[in-house]
Amino acid sequence: MANGWSLLVSILFIAVFCGVSWFASPKGENQTIWRSTLILSAFACWLMWIITFLAQWHPLIVPERDNLRPQYQNGPVKPTRRF
Amino acid sequence: MAKKESLFRSADMTLTQLYVANEIGREVVSALGELGAMQFRDLNPNTTAFQRTFTQEIRRLDNVERQLNYFRTQIEKNGIEMRPIYEFSNTMAAPTATEIDELADRSQSLEQRIQSLNESYETLKKRESELTEWRWVLREAGGFFDRARGQTEEIRQSLESTDDAPLLRDVEQQANGASEGGQQQSFSVMNIGFVAGVIPRERMGAFERILWRTLRGNLYMNQSEIADPIIDPEKNEEVNKNVFVIFAHGKEIIAKIRKISESLGADIYSVDENSELRRDQIHEVNSRLQDLSNVLGNTKRTLDAELTQIGRSLAAWLIVVKKEKSVYQTLNRFSYDPARKTLVAEAWCPTNMLGLVKSTLQDVNERAGLSVPTIVNQIKTTKTPPTYNKTNRFTLGFQTIIDAYGTAKYQEVNPGLPTIVTFPFLFAVMFGDFGHGAIMTMAAAAMIYWEKPLQRGKQDELFGMAFYGRYIMLMMGIYSMYTGIIYCDAFSKELSLFPSMWQWDFPDNYNPDDPTTVKATRVEGYTYPFGLDWRWHDASNDLLFSNSYKMKLSILLGWAHMTYSLCLSYINARFFKTPIDIWGNFIPGMIFFQGIFGYLVFAIIFKWSTDWYAIGENPPSLLNMLIYMFLQPGTISDDVRLYSGQGGVQVVLVLLAVSMVPVMLFLKPFYLRYEHNKARAQGYRGIGETTTVSALEDDDEPRTSGGDGQPNGRASFESDMDGGAVITQALGDSEHEEFEFSEVMIHQVIHTIEFCLNCVSHTASYLRLWALSLAHQQLSKVLWDMTLNNAFGFDGPLGIFMIFCFFAVWFALTIAVLVVMEGTSAMLHSLRLHWVEAMSKHFIGDGVTFEPFSFKIMLEDEMTELK
């Protein structure tokens with residue numbers, strides 16, 4: 001699902017988003033604020049995402065656990081009839 | 001874009017000059033105060049407050065204000081509801097002069113009335129408490145007398161028994177005959193006088209002691225406590241008092257006792273010895289009390305009615321008076337031209353509001369029916385205008401963050417604009433938790449939703465601060481939810497949004513009761529698409545991974561933030577048309593910063609993007625790489641090898657960075673000196689160097705004329721004033737500074753050293769993002785384990801009870817510690833990152849804030865207590 005191409009797609013997505021924000025910002029005296037806020041926050045969020053993605057792209061270590069039950073294979077135990 | 005009014009930089013300001021006919025001066029200023037767009041300069045700075053034109057009016061209004069405040073204290077004292085200030089929004093229009101006069105007269109007469117009512121009320125109250133005390137004395141004293149009469153023998157004996165108390169000896173002789181009469185024996189026959197009265201309880205001890213010492217024990221004293229506290233009408237507080245009756249022998253001693261008791265604050269009342277008469281007295285006192293309370297009730301009702309009447313419009317009156325006072329205070333800043341009967345004013349005004357100002361003034365003129373128009377002139381000046389960043393509800397909080405550090409120079413890039421995003425975002429990097437972010441968002445959203453009622457209510461200091469920053473909180477909350485998803489944390493628990501990229505690889509003979517270490521294997525060709533993989537949660541080597549990730553995240557974000565801020569200095573240099581700042585500061589600084597830390601960022605990303613195990617190499621150590629880049633330039637050992645040709649690239653980068661230091665040091669000062677000398681050689685002089693100060697720069701006047709121009713700077717100005725208007729004050733104090741090479745050089749050396757050292761220390765400073773986010777995450781984990789997690793160990797009804805209790809504890813601590821306390825600390829760190837790390841890269845500062853004369857702002861400042 002997610003591999004190297006995601007990087008490119010995300011960059012495209014952010015570029016489009018920034019372009020739309022630039023042109024679709026409401027006119028008037030607050031236009032600068034709209035533009036700056038939308039584009040800057042899109043960039044900041046993207047930066048955060050891509051850093052996290054890159055950090056896990058080619059991981060150097062793998063998760064280890066020493067208190068694991070086999071039931072945990074598919075993630076946290078889902079609610080059962082007990083509740 | 002710069003022309004548009006936005007947060008990006010200060011709005012364009014113009015110095016305007018107003019010529020206002022004397023008759024409508026008040027109306028004009030009042031209309032401008034409603035508009036709130038002009039900051040009037042003081043044109044009589046050398047005149048003291050008492051010598052100004054409108055001091056009389058201000059004094060009068062001060063008096064009215066004092067009276068109104070007197071009404072307010074009376075209203076508060078009597079606990080009467082006051083109509084809140086918000087119901088008067090329609091009466092905010094400027095009052096006419098007659099209305100003000102009426103108000104003054106009215107408050108004058110009202111004050112007299114309230115004062116006389118108050119006075120009579122207080123006298124009556126005093127009378128009442130006196131009567132009450134007297135009644136108590138009569139009642140208690142009766143008991144004493146009855147008791148004392150039974151004990152006359154005893155009294156006499158007790159006084160007799162000591163040799164050094166011979167005072168009663170002759171009495172004894174006199175009374176001997178009568179003593180057989182027993183009960184009927186009167187004190188007067190015994191020549192024993194008495195004093196009865198009331199004294200505050202806490203003085204009783206001292207009173208007794210003093211009496212005992214001065215009279216050497218020649219007295220007999222009875223006292224009892226009054227059950228109900230008595231109200232002191234002057235101070236309006238309750239006092240506990242005692243009734244006392246003192247029997248003593250001889251007129252002199254009685255007089256002495258009276259004096260002592262009066263000096264100690266006791267009230268003495270006359271009590272008749274005879275029980276019949278005493279009864280009559282009590283009756284009389286009771287009926288007088290009855291009458292008095294009737295009168296008191298009436299007075300109180302009248303006073304309350306009067307105050308309620310005043311309370312209905314007091315807030316509006318206060319507003320009117322405060323406005324009027326500020327109008328005259330502003331008028332005092334104008335200069336008066338007696339020859340033409342005009343007031344001359346100078347004011348800073350945002351250029352795009354000039355039209356509005358002009359039309360407002362025209363309106364005022366038409367309403368007054370005056371043929372002389374109010375003239376508005378725009379003046380060209382060399383003075384730096386005040387900085388005006390127009391804010392709205394949303395941006396106000398963010399702009400306040402910047403203004404708290406310093407006012408931006410006129411029209412430099414205002415860091416308030418990017419702060420709207422960067423401040424809450426950097427906060428969120430430290431506060432990243434979906435749950436805590438959601439709580440913060442909801443709190444902020446609630447404050448925004450109930451904005452109006454909350455604004456009108458009384459706020460304590462802490463809540464007031466949170467309320468002021470409600471939009472900051474909203475942004476912080478939203479970004480925290482985002483970073484919480486990225487960190488995969490919600491109340492310290494994981495968020496399994498997508499299938500994990502890891503699978504547990506259980507060994508064949510795995511025994512759940514005796515677990516061994518299980519390693520995960522990666523799902524081939526799949527990377528967790530959004531945020532951190534939740535399989536890292538509760539992994540034993542979780543911190544190993546997340547520390548490395550968050551540290552690099554901090555460096556990358558810090559680098560991006562600082563690069564962005566540095567670029568703003570380029571925009572500033574472009575705007576102020578100082579290309580030397582681009583060539584001498586921005587470009588070498590940028591190369592220096594990118595050569596070292598930009599390269600580090602590149603290396604981090606390069607290392608992440610390479611699959612080191614696939615190409616069969618050991619991942620390099622970036623820390624060592626950066627250290628050896630400087631210690632052993634050119635040599636690349638195996639544990640720091642990223643790519644081939646790395647040594648050459650690093651040598652070039654280091655040389656580039658180092659070579660930028662002398663460029664930064666010398667280029668700008670020497671260029672400035674060269675410019676200065678060139679200008680000197682061509683005969684230019686600084687304006688400040690001439691003997692006459694040409695205050696107003698005139699475009700028509702050639703600047704080469706320098707010092708030999710007019711003897712008076714005003715002459716040039718009058719030409720465009722159409723027939724010589726009066727300039728009341730030269731705009732004076734020239735802002736041109738003399739060029740001093742040493743000063744520029746020292747300044748540049750400091751700047752260079754600071755910049756280069758700060759590149760290192762500021763990058764390191766961004767590591768606080770990692771440290772705080774780690775602390776926040778660990779703290780919320782610990783809280784979960786200590787409280788709610790324990791409750792899950794219980795079963796049955798006890799389990800339900802425990803979960804309920806532990807949830808309450810967990811939730812309260814989550815709010816108090818994790819959201820409020822941790823939030824405050826993360827906010828302070830984010831604040832520092834903006835003030836120090838980011839703003840040092842471009843912020844010039846030294847601006848003056850635009851403080852327009854505006855009724856709205858003035859009332860907001862002054863009327864907080866009227867809420």
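None of these values were measured; they are calculated from a predicted model.

Visitor: When you look at the sheet that holds strand β3 (residues 192–200) of chain B in this model, what are you seeing that I'm missing?
Guide: Note on sheets: strands pair through backbone hydrogen bonds, and any given pair is parallel or antiparallel. Residues and elements named next belong to chain B. Strand order in the open sheet formed by four strands is β4-β7-β3-β8, and the pairing between neighbours is antiparallel. Sheet topology places β4 (220–225) and β8 (267–269) at the edges, where each strand pairs with a single neighbour. Direction aside, the axes of adjacent strands within the sheet are offset by 25 degrees on average. Strand direction decides the pairing type here: β4 and strand β7 (residues 241–249), joined by six bridges, are antiparallel. Bridging across to β7, M221 finds its partner in I246. Packed on one face of the sheet, helix α6 (residues 204–215) meets β3, β4 and β7 and runs near 175 degrees to β4. Sheet strands touched by helix α7 (residues 251–263): β3, β7 and β8. Its angle to β7, the strand with the most contacts, is close to 160 degrees.

Visitor: Teacher, can you tell me more about the UniProt feature "coiled-coil region" (unreviewed entry) in chain B here?
Guide: Under the UniProt annotation, the feature "coiled-coil region" (unreviewed entry) is placed at residues 100–127 of chain B. The distance separating the terminal C-alpha atoms of residues 100–127 of chain B is 40 Å; by composition the span is 100% helix and 0% strand.

Visitor: What is the right way to look at the interface of chain A and chain B in this model?
Guide: Size of an interface: often given as the accessible area lost when the parts come together. Across the boundary between the two partners, chain A contributes 45 residues, which contact 73 residues of chain B. Taking both partners together, chain A and chain B bury about 5300 Å²; carbon and sulfur atoms supply 66% of that area. Counting across the interface, chain A meets chain B through two salt bridges. A salt bridge links E64(A) to K519(B), with the nearest nitrogen and oxygen atoms 3.7 Å apart. At the boundary of chain A and chain B, one finds 17 residue pairs in polar contact (both at pLDDT 80 or more). For the side of chain A that touches chain B, the elements supplying multiple residues, two or more each, are α2 (31–57) and β1 (64–65) of chain A. Here the side of chain A that touches chain B takes 20 residues from α2(A), the largest share from any one element. Taken together, the residues of the side of chain A that touches chain B sort by class into 24 nonpolar, 15 polar and six charged. Sheet topology note: the β1(A)/strand β13 (residues 518–522) of chain B ladder contains two bridges and is antiparallel. Residue pairing for β13(B): E64(A) is matched across the bridge by K519(B).

Visitor: Please clarify how the packing of helix α10 (residues 393–405) of chain B against helix α11 (residues 416–431) of chain B should be interpreted in this entry.
Guide: Geometrically, a packed helix pair is captured by the angle between its two axes and the distance between the axes. Residues and elements named next belong to chain B. At a minimum axis distance of 9 Å, the contact between α10 and α11 shows a crossing angle of 95 degrees. Classified by the angle their axes make, α10 and α11 are roughly perpendicular. Of α11, the residues touching α10 (which contributes F394, T395, F398, Q399, I401 and I402) are G416, T419, I420, F423 and P424. By residue class, the composition of the contact of α10 with α11 is seven nonpolar, four polar and no charged.

Visitor: What's the story with the environment of I478(B) in this structure? I'm lost.
Guide: Residues and elements named next belong to chain B. Within the secondary structure, I478 sits in helix α15 (residues 470–487). In this structure I478 comes out as partly exposed when scored by relative accessible area, which is 41%. For the pair formed by I478 and I439, sequence separation is 39 residues and the distance between their alpha carbons is 9.9 Å.

Visitor: Please explain empty space enclosed by the protein as it appears in this structure.
Guide: Over the atoms, a rolled probe matching the size of one water molecule traces out where space is still vacant. Residue and element names in this part refer to chain B. The tally for this structure, following the rule as stated, stands at five cavities of 30 Å³ or more. Roughly 90 Å³ of internal volume is contained in the second largest cavity. Taken together, 13 residues make up the lining of the second largest cavity; nearest its centre are P415, P418, T419, H561 and A838. Those elements that provide at least two residues to the lining of the second largest cavity are α11, α16 (542–575) and α24 (796–838).

Visitor: Looking at this structure, I do not really get the UniProt feature "transmembrane region" (unreviewed entry) in chain B. What am I missing?
Guide: Residue and element names in this part refer to chain B. UniProt annotation of "transmembrane region" (unreviewed entry) refers to residues 425–450, 471–492, 553–571, 583–606, 651–671 and 798–821 when read in the numbering used here. Along residues 553–571 one finds 100% helix and 0% strand; the C-alpha atoms at either end are 27 Å apart. Across residues 583–606, the secondary structure splits into 100% helix and 0% strand, with the terminal C-alpha atoms separated by 31 Å.

Visitor: Looking at this structure, I do not really get the pairing of β13(B). What am I missing?
Guide: The side chains of a regular strand alternate, residue by residue, between the two faces of the sheet. Bridge analysis of strand β12 (residues 502–504) of chain B against β13(B) gives three bridges, and the strand direction is antiparallel. Each bridged residue has a counterpart across the sheet, and for Q503(B) the counterpart in β13(B) is T521(B).

Visitor: Would you mind going over unusual backbone geometry with me for this structure?
Guide: For residues other than glycine, phi is negative in most cases, and the peptide bonds are mostly trans. All names here are of chain B. With phi around 70 degrees, Q411 is a residue other than glycine that occupies positive phi space. Locating Q411 in the fold gives a position in the loop between α10 and α11. For F491, which is not a glycine, the phi torsion comes out positive at approximately 50 degrees. Its place among the elements puts F491 in the loop between α15 and β12.

Analysis parameters
Residues numbered from 1 in each chain as written. Chains lettered and ligands numbered in written order. Predicted model: local features only at pLDDT ≥ 70, side-chain atom pairs only at ≥ 80, totals over all residues. Heavy atoms only, no water. Pairing = 2+ DSSP bridges. Helix = DSSP H or I, 4+ residues; strand = E, 2+ residues; numbered from the N terminus. Axes fitted to C-alpha atoms, helices over the stretch in contact; angles between N-to-C directions. Contact = heavy atoms within 4.5 Å. UniProt positions renumbered as here; feature names shortened; annotations may be inferred. Buried area = accessible area lost by both parts, 1.4 Å probe. Salt bridge = Lys/Arg side-chain N within 4 Å of Asp/Glu carboxyl O. Polar contact = N/O pair within 3.5 Å; in protein donor to acceptor, adjacent residues only side chain to side chain. Nonpolar A, V, L, I, M, F, W, Y, C, P; charged D, E, K, R; others polar. Parallel < 35°, antiparallel > 145°, perpendicular 65-115°, else oblique. Buried < 20%, exposed > 50% of the residue type's maximum accessible area, 1.4 Å probe, protein only. 1 Å grid on protein atoms, 1.4 Å probe; cavity = no way out; pocket = protein on both sides within 12 Å on 5 of 7 lines; lining within 4 Å. Points joined across faces, edges and corners; volume = space filled by probe spheres on them.

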